Amino acid sequence: MSCLFCQIVNGTIPSKAVYQDDQCYAFADITPQAPVHVLVVPREHIASLTDAEKSHHDLLGHLLGVAAEIARTHALSKGYRVVINSGPDGGQSVDHLHVHLLGGRKLTWPPG
Ligand code: 5GP
Ligand code: ZN
């Protein structure tokens, strides 16, 4: 499997684990854009949000719930941002669905 995040999920490529369960794995982004920058990825390879099917809807909700729980454990009580980039125009660079959790500084809007 050549997918970068599949290799991170199965431990072939090392990462700094933040949270894991039977459905997902969360780890620190290698190029953090905020003091807290965590990626939450499904263990199953789904290329993008566009490729998620109806059968994945519970999993998608789980990924968001996990992001919120990580925000709580990282004391992001002043707020944070959850982002899913999808496709080339959405800025997706790794073709394995992932949720960005960004926090620990005041984030600007709109994004670039
Ligand atoms: P995207 O641009 O696809 O929404 O987000 C991909 C993210 O993966 C980027 O924020 C990038 O810094 C992160 N990333 C890319 N390669 C690696 C890696 O090898 N390890 C980790 N921990 N993060 C990575
Ligand atoms: Zn993958």
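See the structure above.
Residues numbered from 1 in each chain as written. Chains lettered and ligands numbered in written order. Predicted model: local features only at pLDDT ≥ 70, side-chain atom pairs only at ≥ 80, totals over all residues. Heavy atoms only, no water.

## Side note on the coordination of the zinc ion (ligand 2)
For step 1, the next point in the chain: In this structure, Cys3 (SG), Cys6 (SG), His45 (ND1) and His96 (ND1) serve as the protein donors to the zinc ion (ligand 2), at separations of 2.0 to 2.3 Å.
For step 2, the next point in the chain: Written as a sequence motif, the donor residues of the zinc ion (ligand 2) are C-x2-C-x38-H-x50-H. You can see cysteine 6 sitting in helix α1 (residues 4–9) and its partner histidine 96 sitting in the loop between β4 (80–83) and β5 (99–103), a full 90 residues away along the chain.
For step 3, the next point in the chain: Residue cysteine 6 is classed as buried on the basis of its relative accessible area, which comes to 11%.
For step 4, the next point in the chain: Assessed through its relative accessible area of 0%, histidine 96 is described here as buried. (Donors = N, O, S within 2.8 Å, 3.2 Å for Na, K, Ca; no water. Helix = DSSP H or I, 4+ residues; strand = E, 2+ residues; numbered from the N terminus. Buried < 20%, exposed > 50% of the residue type's maximum accessible area, 1.4 Å probe, protein only.)

## With respect to the site of ligand 1
For step 1, the next point in the chain: Taken together, 17 residues are adjacent to ligand 1, and Asp29, Asn85, Ser93, His98 and His100 come closest.
For step 2, the next point in the chain: Between ligand 1 and isoleucine 30 there is a distance of 3.3 Å, counted from a nitrogen atom to a backbone nitrogen or oxygen.
For step 3, the next point in the chain: Between ligand 1 and the protein, one listed contact pairs an oxygen atom with a side-chain N or O atom of histidine 100 at 2.8 Å.
For step 4, the next point in the chain: Burial of ligand 1 by the protein chains amounts to 82% of its free accessible area of 520 Å².
For step 5, the next point in the chain: Put simply, the parts of the chain that give the shell around ligand 1 at least two residues each are α1, β2 (24–28) and β3 (36–42).
For step 6, the next point in the chain: Broken down by element, the residue count for the shell around ligand 1 peaks at three residues, all from α1.
For step 7, the next point in the chain: Considered class by class, the residues forming the shell around ligand 1 number eight nonpolar, eight polar and one charged. (Near = heavy atom within 4 Å. Polar contact = N/O pair within 3.5 Å; in protein donor to acceptor, adjacent residues only side chain to side chain. Areas by Shrake-Rupley, 256 points an atom, 1.4 Å probe, with all protein chains shown as cover. Nonpolar A, V, L, I, M, F, W, Y, C, P; charged D, E, K, R; others polar.)

## Concerning the sheet that holds β5
Strand pairing in a sheet is mediated by backbone hydrogen bonds. Such pairs are either parallel or antiparallel.
For step 1, the next point in the chain: The antiparallel open sheet is built from five strands, whose spatial order is β1-β2-β3-β5-β4. The sheet is open, and its two edges are formed by β1 (17–20) and β4, each paired on a single side. Across the sheet, the mean angle separating the axes of adjacent strands is 20° when strand polarity is ignored.
For step 2, the next point in the chain: This element, helix α2 (residues 57–73), spans β1, β2, β3, β4 and β5 of the sheet and lies at about 155° to β3. (Pairing = 2+ DSSP bridges. Axes fitted to C-alpha atoms, helices over the stretch in contact; angles between N-to-C directions. Contact = heavy atoms within 4.5 Å.)

## A few points about α2
For step 1, the next point in the chain: Spanning 17 residues, α2 covers 25 Å between terminal C-alpha atoms, matching the ideal 24 Å at 1.5 Å per step.
For step 2, the next point in the chain: Here α2 has its buried residues at Leu59, Leu60, Leu63, Val66, Ala67, Ala68, Ile70 and Ala71.
For step 3, the next point in the chain: Buried positions along α2 lie against β1, β2, β3, β4 and β5.
For step 4, the next point in the chain: Just downstream of α2 lies alanine 75, where phi reads positive at about 60°. (Expected span 1.5 Å × (residues − 1).)

## Describing the pattern of salt bridges
For step 1, the next point in the chain: Inspection of every chain in the model, using the stated rule, returns one salt bridge.
For step 2, the next point in the chain: Residues glutamate 69 and arginine 72 are paired through a salt bridge, measuring 2.9 Å at the closest nitrogen-oxygen approach. With glutamate 69 and arginine 72 both in helix α2 and three residues apart, the pair spans about one turn of that helix.
For step 3, the next point in the chain: Given the relative accessible area of 57%, arginine 72 is considered exposed. (Salt bridge = Lys/Arg side-chain N within 4 Å of Asp/Glu carboxyl O.)

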